[in-house]
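Tertiary structure, described
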Amino acid sequence: MLTRNCLSLLLWVLFDGGLLTPQPQQTLEAEPRGNVATTPERRMPAVRVKRGWVWNQFFVLEEYMGSEPQYVGKLHSDLDKGVGSVTYTLSGDGAGTVFTIDETTGDIHAIRSLDREEKPFYTLRAQAVDIDTKKPLEPESEFIIKVQDINDNEPKFLDGPYVASVPEMSPVGVIRTALPNMDREVKEQYQVLIQAKDMGGQLGGLAGTTTVNITLTDVNDNPPRFPKSIFHLKVPESSLIGSAIGRIRAVDPDSGRNAEIEYTIVPGDGGNLFDISTDENTQEGIIKLKKPLDFETKKAYTFKVEASNAHLDHRFHSAGPFKDTATVKINVLDVDEPPVFSKHFYTMEVYEDTPVGTIIGAVTAQDLDFGSSAVRYFIDWKSDVDSYFTIDGMEGTIATNELLDRESTAQYNFSIVSSKLSNPLLTSKVNVIINVLDVNEFPPEIAVPYESYVCENARPGQVIQIVGAADKDLSPAGQKFSFRLSPEVSTKPNFTVHDFRNNTAGIIARRSGYSRRQQELYFLPVVIEDSSYPIQSSTNTMTIRVCRCDSDGTILSCNVEAIFLPVGLSTGALIAILLCIVILLVIVVLYVALRRQKKKDTLMTSKEDVRDNVIHYDDEGGGEEDTQAFDIGALRNPKAIEDNKMRRDIKPEALCLPRSRPPAEDNTNIRDFINQRLRENDGDPSAPPYDSLATYAYEGNGSVAESLSSIDSLATEADQDYDYLSDWGPRFKVLAEMFGEEESYNPDKIT
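Just so it is clear, the model here is predicted, and its values are computed rather than measured. (Residues numbered from 1 in each chain as written. Predicted model: local features only at pLDDT ≥ 70, side-chain atom pairs only at ≥ 80, totals over all residues. Heavy atoms only, no water.)

**As for the overall build of the protein chain**
Helix and strand content of the protein chain: five helices and 40 strands. Out of the 751 residues in the protein chain, the part that is buried amounts to 33%. Long-range pairs, those at least 24 residues apart, make up 69% of the contacts in the protein chain between residues at least 6 apart in sequence. In the structure as shown, the protein chain presents an accessible area of about 46,800 Å², 54% of it carried by carbon and sulfur atoms. (Helix = DSSP H or I, 4+ residues; strand = E, 2+ residues; numbered from the N terminus. Buried < 20%, exposed > 50% of the residue type's maximum accessible area, 1.4 Å probe, protein only. Contact = heavy atoms within 4.5 Å. Areas by Shrake-Rupley, 256 points an atom, 1.4 Å probe, with all protein chains shown as cover.)

In C-alpha cells, the structure reads:
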C-alpha cells in the first residue's frame, strides 16, 4: 500500500460535472485544498490522502464524449521530491489505450471517449519507480474508475411501428378514441404518433417517437340491403330443371362472416316453381328452376325474395331487423318446341292371327306453340326391325303388318316419333306396348312323362300314375282340363282314367295279375279337353310297361329279357357281363383289322414284281418258251417300291404290228370280261398296288394255236370256235372251260 510506504495521493476531483469523485469504502478524512470549482475549465485543488486511506477505492468518471485528451487526476508519492527521481507507471484495464499517465508528474488523462453503455468501469494498477535504480519505491496498488451515466441517449421504441386493432363502436379503453362511434365502414385505418420522454419530461430530457397503425375491425352493425326493389328476369321455356336462370344481389357493407347473406323465397305466387341459393364467393342469390316452364300455360311469374344475415350480433338488435325484401318478376320466353303426345306411353291389345292391315289403335301428338303446325308420325325402325306394324303418317293409326303369334312373341315394344311439318328437326318420341292376346288354337297335351309302368303284382283300383295337362296357349284364369278314356278303348280295358277335377287325372289298374311273359307293353289312349273357346281336345297315348316289383312296389326289372335270366342275378352283374362282351368284341375287331393291315404290308413288301411290267414284243416269239427264257426279276427296282407305293396303272400302247389273222368285228364278251375285272381290281383296296401287264401280240413259232390276240380279228363272235382250246393242253384248261361256258350260255332259254 502507498500509505505503508509514506506515499500520498494527490487527486484532482471534479465535482458537479467534474471528472473525478472519491468514493471511500471506509471512514474518509480528507480536506480540500481550496474551493471546489463548478466548471470543468477550472483547475481543481488536490486532495491529500492521509495515512489509513484504502487504495482500492472507486473513482466515478462521467461519460466523456470529446475528441481531445481529458484530464482525469494526478498521482503523487511522498518520496517524490520534485527533482525528477521518481517515475510513475499505470497498468491494467484500458491503460495506454483509454487512459495514459505522465511518468514525471503523475497526471492521468482519458484519450478516447467513454460510454457507460459500452463499459461501465475500468480496473487499473499504479506504481512509483525509482528512475535510477528502476526499483519500485512502493508495491503496485489497484484502483477502479467507474464511468458515471449522463443523459446522452434518447428513449427508443424497439418494435415500432406498431399495429393494433380495435372493434368499431368499442367503449373507452386503453387507447381512447377521440371521436364517438367510430365506424369501420366510414374509415377503417388510423395512424397514431406516440412520443416518449425521459427525465420525467423535464427540460433538457431526451425524447423518442413511434407510429401505431390502428385498424377498426368489423362488427355486424349493418343489415343487407337490395340496391333495387324489383328484379326482372327473362327465361326460355325450354330451360332445364335445376339450371340457373338468374342472379340477384343484396349489398352488406360489413365484411367477412358478418357480410354472409342468406336468400329465401317468400311463399306466394309462382314461388313454388323456383329455388334460390347463395353463391359463397360473391354472396349473390342464384335462382334455379324446380319445375318445367310452359309459355303456352303461363307467361310470367312474380315472387318475393328475402335477404338476411347468417350471423347476427345481439348488441345491435335494437337498430332494426337485419333483412331486406325485393320482388322478382320472371317473364317466360316462347321457344319452338317439338310436338307433345297426349300420353306418356300407349298400351294396345291385339289377338294373334289378326289379319294383316287391321288397325289396332292410334297415337296423338299436338304442336302447342303459337301458330301450331301439322304433325307427321313414323315408327322408329331401330325398335321394330322386323316391321310387324305400320303407322299412318298423318292420322297416327297403327296397323298390323305381319301375322302375329303369341307363342312366339307375347308383347311388342317399339317407339313412335312425331315431327312438325314446319320444322322436321323438332321431334318427340313415345313408347307403344302391344300385348298379343291368345287365341285357343292348340289342344292340351299330357305333361311329361308319357310312359308309365305297372307292377306284376298290382291290385285292382291302384293308381299307378298321376298325369297333368300342358297347353301351349295362354291359359286364362280358371282354365279347366278334363281327362277321359278314348272311345277306341275296348269295353273291358286293363286300365282306366279317373279325373280328379283339379287339372290332374289318375291312371288306375282295373285288374291284377299282369305278366310280362304274356304282354310287356300296354297302350292307353287318353283324351284331354280344355275349357276355352273354341274348345280344343287331343288324344294322347300313354305307354304302360309291365315291370317286376318287390312287395313295396319298388321296380326290380322292366326288361322282357330279364324273364329268361337266372333268378337272383342282379342288375350290376348284368351290366358287368354286357361290358365284358363289348370289350371282347372290340378286341376281335382290332385283331381282324391288324391282320388285314399285316396282309397289306406283306403284299407291298413281297418279293414278287410290284412294278408295272409292260413287255413289248416287236417280232414273233416262241410262245410259252419266251416266258421261261425271259427273266422278269431283272426289271424289279426295290427302291422304287419303298419310295412310291402308290398304285400306277399303265395303259398299254397301241402296237401296230403285222398280224397273222384279222381281228374279230365284235367280241363283246371278252371286252366286258376285261372291263369287269379291271373295275374289280381298281375298286379293291386289298389288291396289289401295281398291275403286271404282259402284252403278247403273237404266240411263238412253237405254239399250235398261233396268235391268241383277238383285238384286231376280222372274224365276228359268231365265227369264233373255242373248242380247239381243249386240245392245247393243261395250261389252257381254265381258258377252255371259260369260253366253253360262254358258248353254252343262251339267255333265250331262261323262262
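**Topic: the side chain of Asn222**
Examined against the element boundaries, Asn222 turns out to sit in the loop between strand E13 (207-217) and strand E14 (230-236). Side-chain polar atoms of Asn222 contact the side chain of Asp254, separated by 2.9 Å. Not counting the four nearest positions on each side in its chain, Asn222 is found in contact with Glu185, Asp252, Pro253, Asp254, Asn309 and Phe322. (Polar contact = N/O pair within 3.5 Å; in protein donor to acceptor, adjacent residues only side chain to side chain.)

**Focus on the pairing of strand E28 (residues 411-420)**
Here E28 lies mainly inside the structure; eight of its 10 residues are buried. Sheet topology note: the strand E25 (residues 375-379)/E28 ladder contains five bridges and is antiparallel. Opposite Tyr377, over in E28, you have Ser418 as the bridge partner. Sheet topology note: the E28/strand E29 (residues 427-437) ladder contains nine bridges and is antiparallel. Bridging from a neighbouring strand, Tyr412 pairs with Ile434 of E29. The antiparallel hairpin formed by E28 and E29 contains six residues in its connecting segment. (Pairing = 2+ DSSP bridges.)

**Description of the sheet that holds strand E5 (residues 70-74)**
On the basis of which strands lie adjacent, the open sheet formed by three strands has the order E5-E8-E7 and antiparallel pairing. Of all the strands in the sheet, the pair left with one neighbour each is E5 and strand E7 (99-101). Within this sheet the neighbouring strands show an average axis-to-axis angle of 25 degrees, counted without direction. Strand direction decides the pairing type here: E5 and strand E8 (residues 107-110), joined by four bridges, are antiparallel. From the neighbouring strand, Gly73 faces E8, where its bridge partner is Ile108. (Axes fitted to C-alpha atoms, helices over the stretch in contact; angles between N-to-C directions.)

**Some points on unusual backbone geometry**
Here Ser387, not a glycine, exhibits a phi torsion of approximately 55 degrees, which is positive. The residue Ser387 is located in the loop between E25 and strand E26 (389-391) in this model.

**Concerning the environment of Thr105**
Here Thr105 lies in the loop between E7 and E8. In the structure, Thr105 is positioned 25 residues away from Asp80 in sequence and 9.6 Å away in space, judged by C-alpha atoms. Only 3.2 Å separates the side chain of Thr105 from the side chain of Asp102, close enough to count as a polar contact. At a separation of 3.1 Å, a polar atom in the side chain of Thr105 contacts the side chain of Asp107.

**Some thoughts on the pairing of strand E27 (residues 397-400)**
Within a regular strand, side chains alternate between the sheet's two faces. In terms of strand pairing, strand E23 (residues 359-362) meets E27 through three bridges, oriented antiparallel. Along E27, the bridge assignment pairs Ala362 with Thr397. In terms of strand pairing, E26 meets E27 through three bridges, oriented antiparallel. Within E27, the position partnered with Phe389 by the bridge is Thr400. Counting the residues in the hairpin turn of E26 and E27 gives five residues, including Gly396, whose phi is positive at 80 degrees.

**Description of the pattern of salt bridges**
Applying the stated criterion across every chain yields a total of 16 salt bridges. Arg125 serves as the salt-bridge partner of Glu140, at 3.7 Å between the closest nitrogen and oxygen. Within this pair, whereas Glu140 is found in the loop between strand E9 (121-130) and strand E10 (141-148), its partner Arg125 is found in strand E9, the two being separated by 15 residues in sequence. Judged by relative accessible area, Glu140 falls into the partly exposed class, the value being 42%. The partner of Asp367 in a salt bridge is Lys420, with the nearest N and O atoms 3.2 Å apart. With Asp367 in the loop between strand E24 (365-366) and E25 and Lys420 in strand E28, this residue pair connects regions lying 53 residues apart in the sequence. (Salt bridge = Lys/Arg side-chain N within 4 Å of Asp/Glu carboxyl O.)

**Section: the side chain of Asp438**
Along the chain, the position of Asp438 falls in the loop between E29 and strand E30 (445-446). The class for Asp438 is buried, based on a relative accessible area of 18%. Engagement of the side chain of Asp438 in a polar contact is seen with the side chain of Arg406, the distance being 3.2 Å. Discounting chain neighbours no more than four positions away, the residues touching Asp438 are Tyr351, Glu352, Arg406, Glu407, Asp473 and Leu474.

**Some thoughts on the state of the cysteines**
Counted by the stated rule, this structure contains two disulfides. The disulfide that involves Cys455 links it to Cys549, with 2.1 Å between the sulfurs. The disulfide joining Cys455 to Cys549 has a torsion of about -80 degrees about its S-S bond and is therefore left-handed. Residue Cys455 is located in strand E31 (residues 451-455), and its partner Cys549 is located in strand E37 (residues 537-549); the two are separated by 94 residues in the primary sequence. Across the pair, Cys549 and Cys455 agree in class, each one buried. (Disulfide = S-S within 2.5 Å.)

**Considerations on the nonpolar core**
Counting 25 residues, the largest nonpolar core has Phe226, Phe274, Ile287, Val305 and Val328 as its most contacted members. Those elements that place two or more of their residues in this core are E14, strand E15 (244-249), strand E16 (261-266), strand E17 (274-278), strand E18 (284-289), strand E19 (300-309) and strand E20 (323-333). Sequence-distant contacts of Val328, that is, excluding residues within four places in its chain, are made with Phe231, Leu233, Ile248, Ile287, Tyr301, Thr302, Phe303 and Val305. Formed by 21 residues, the second largest nonpolar core is a distinct cluster that contains Ala365, Val375, Phe389 and Tyr412. (Core = buried A, V, L, I, M, F, W, Y, C linked by side-chain atoms within 4.5 Å.)

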